[in-house]
Each structure stands twice: as structure tokens, then as C-alpha cells.
Amino acid sequence: MLRLMQRESSRRGAPVLSVESAIGRGAFAILIFTVLSARTRDETTIKAGRRLLAKAPTPQKLARLSTAQISRLIHPVGFYKTKARHLHALAHKLISDFNGKVPSTFESLTSLPGVGRKTANIVLASAFGKHTIGVDTHVHRISNRLGLVRAKTPEKTNDALDRIIPNKYKKKFNMPMVAFGQTVCTPLHPKCSECPLTEGCPRIGVAKHR
Ligand code: SF4
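The notes below deal with the structure included here. (Residues numbered from 1 in each chain as written. Predicted model: local features only at pLDDT ≥ 70, side-chain atom pairs only at ≥ 80, totals over all residues. Heavy atoms only, no water.)

Observations concerning the overall build of the protein
Summing up its helical and strand segments, the protein has 13 helices and zero strands in all. When the elements of the protein are put in sequence order from the N terminus, they spell out α-α-α-α-α-α-α-α-α-α-α-α-α. Taken over C-alpha atoms, the radius of gyration comes to 17 Å for the protein, in line with the 17 Å a tight globule of 210 residues would show. Expressed along its principal axes, the backbone C-alpha trace of the protein runs to roughly 55 × 30 × 25 Å. (Helix = DSSP H or I, 4+ residues; strand = E, 2+ residues; numbered from the N terminus. Rg over C-alpha atoms; globule rule 2.2 N^0.38 Å.)

Notes on the site of the ligand
Taken together, Arg-145, Leu-146, Phe-180, Cys-185, Pro-190, Cys-192, Cys-195, Thr-198, Cys-201, Arg-203 and Val-206 make up the full set of residues near the ligand. Taken together, the residues of the shell around the ligand sort by class into eight nonpolar, one polar and two charged. (Near = heavy atom within 4 Å. Nonpolar A, V, L, I, M, F, W, Y, C, P; charged D, E, K, R; others polar.)

Focus: the environment of Ser-126
Turning to its location among the elements, Ser-126 is positioned in helix α9 (residues 117-128). The sequence separation of Ser-126 and Ser-193 amounts to 67 residues, and the corresponding C-alpha distance is 32 Å. In this structure Ser-126 touches Arg-25 and Ile-30, once residues within four positions along its chain are discounted. (Contact = heavy atoms within 4.5 Å.)

In C-alpha cells form, the structure reads like this:
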């Protein structure tokens with residue numbers, strides 16, 4: 001299923017699939033990008049992330065920027081003023097509590113400003129190869145439409161997926177789902193007639209589709 005999603009969304013040029021080539025695989029870059037990406041289109045996040053990382057490729061350099069400078073660099077990502085405050089504080093906490101390195105445990109990551117469960121799980125999976133699933137709105141929506149889980153919130157979807165998805169697939173789960181959600185199983189009017197999963201999908205909660 002994940003392979004089919006990846007192939008179809010790659011053919012359709014899903015924006016999220018260009019993230020890795022844009023920002024690389026370093027833990028700090030992945031953390032910054034994931035914090036920036038909330039409620040923001042990937043195309044905008046990639047540009048903002050690149051501008052910020054060009055000026056501040058390390059926590060030490062980020063800590064030297066003021067909140068106003070960070071705001072200017074990441075504008076127009078969603079909630080850029082709040083994110084600028086979080087990133088400024090996050091850089092200082094990485095230096096004071098984690099020796100200037102991105103930590104590799106869930107508890108440590110979620111102690112950082114602006115880092116919640118979704119961001120921590122994405123960083124753990126992408127940067128450290130841990131068996132975690134980052135559940136955003138795409139993963140939540142598609143998992144429920146496919147009937148993999150029946151859950152009302154992303155947090156509950158995360159709990160349910162943690163129970164049923166074998167460890168070896170967890171770290172690979174987020175990216176194909178997000179890409180598929182951007183291109184085929186979109187929030188409104190999913191393209192069910194063009195979907196490679198259409199035969200086996202119960203389309204739970206889908207009122208209108210193409
Ligand atoms: S058949 Fe429709 S609802 Fe099911 S995964 Fe495909 S696009 Fe989504």
C-alpha cells in the first residue's frame with residue numbers, strides 16, 4: 001500500500017517528496033523544517049527553511065539571531081511570529097540542555113518549545129531511524145478512510161497505528177501518506193476513480209469524490 005502511494009504521488013509530483021533533497025537528512029534541518037511546516041504548504045516551508053538554514057545552519061547560529069530576524073527569514077509560513085519565538089527558544093534550549101545537539105528521545109524532543117508529538121515522531125523516524133509514526137492531518141484522514149483505524153483525532157490515530165503497524169513500516173509511514181494526501185486522497189473530493197487503492201478501500205467518511 002505504501003509503495004503504491006509513493007509511486008502514484010511521485011508520478012503526480014507531490015511537493016513533500018522534494019523536501020529531503022531540499023533540506024538533507026541532518027537532524028537539525030529536519031527539526032527546523034518540521035516545526036516550520038505546521039499549517040503551511042510544503043513549497044513555502046522549503047523556501048523559508050532554506051533561507052533560515054542558510055543563515056543559521058546550527059543551533060548556536062540560530063540562537064544568535066533575534067526573534068525579529070527569524071520572523072523575517074521564515075515569513076510567510078503560517079504563524080511565523082509564534083514559530084520564530086519557538087525557534088529562538090528552541091535553539092537556546094538545545095545549547096543549554098542538550099550540548100547543542102538534537103536529542104534522540106521522545107521525552108527530550110517534546111521538552112523543546114514548539115515540538116509536539118507529531119514533530120517529535122517525524123524527527124525520530126527521519127533523523128534517527130526510530131520506529132515511530134508522525135501523524136498529521138493527511139495520515140489521520142487517509143488511515144481512517146482506508147479503515148486501518150477508526151479514530152476521531154490524530155492523537156488517537158497515532159495510538160491505534162502504533163498498535164497495528166509492524167515496527168519495520170513505522171518510520172516509512174508518514175512520507176507516502178502525506179504525498180498521497182497532497183495528490184490523490186485529498187481532503188475534499190479525493191480522486192477515488194484514479195486511485196490505485198480504490199478496489200480495496202471502503203472510503204469511510206468520504207461523501208463526495210471524483
Ligand atoms: S479510494 Fe478514495 S478514499 Fe480510498 S484511498 Fe483512494 S482516494 Fe482515498
